[in-house]
Amino acid sequence: MEDKIAPFIALIDEALAMVTEMQSTGTTSNSPEDLDRTLQFLIKIKATASAGQLEPSQGVVTLGLSRGVTEWLEPPDSPLYAAIGAIERFYREHL
């Protein structure tokens, strides 16, 4: 599983960069609280994965990122949706 953590963390880093950019530019209509909550959750998942303490998905369990983000993220075609989806897919299929 360790050999799969690096690409998983790379996907998280991409999403972290997007959220950070959304926060710094202020060009999004999303609330700062939602962005901060997503940022903190991504940081927590990254730390857990880096420490080797991430619960295996077994092809069933999800991280809950997609569900959380779809509740607030606008516009619906935001690149962040794709980034979050990639994290969830990788987790479900490889970890």
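Residues numbered from 1 in each chain as written. Predicted model: local features only at pLDDT ≥ 70, side-chain atom pairs only at ≥ 80, totals over all residues. Heavy atoms only, no water.

### A few points about the pattern of salt bridges
Alright, step 1. Enumeration according to the criterion identifies 2 salt bridges in this entry.
Alright, step 2. Across the pair Lys46 and Asp13 runs a salt bridge, and its minimum N-O distance is 2.6 Å. With Lys46 in helix α2 (residues 32-50) and Asp13 in helix α1 (residues 2-25), this residue pair connects regions lying 33 residues apart in the sequence.
Alright, step 3. With relative accessibility at 27%, the residue Lys46 sits in the partly exposed group.
Alright, step 4. Close ionic contact of Asp34 with Arg37 constitutes a salt bridge, the shortest N to O distance being 2.2 Å. One end of the pair, Asp34, and the other, Arg37, are both in helix α2, 3 residues apart, so they sit about a helical turn from each other.
Alright, step 5. A relative accessible area of 15% places Asp34 in the buried class. (Salt bridge = Lys/Arg side-chain N within 4 Å of Asp/Glu carboxyl O. Helix = DSSP H or I, 4+ residues; strand = E, 2+ residues; numbered from the N terminus. Buried < 20%, exposed > 50% of the residue type's maximum accessible area, 1.4 Å probe, protein only.)

### Remarks on α2
Alright, step 1. The first and last C-alpha atoms of α2 sit 27 Å apart over 19 residues, in line with the 27 Å expected at 1.5 Å per residue.
Alright, step 2. Among the residues of α2, Asp34, Leu35, Thr38, Leu39, Leu42, Ile45 and Ala49 are the ones counted as buried. The buried residues of α2 occupy an angular sector of 135° when the element is viewed end-on, so they sit on one face. Across α2 from its buried face, at more than 90 degrees, point the exposed residues Pro32, Glu33, Arg37 and Lys44.
Alright, step 3. Residue Gly52 follows α2 closely and has a positive phi angle near 75°. (Expected span 1.5 Å × (residues − 1). Arc of directions from axis to C-beta.)

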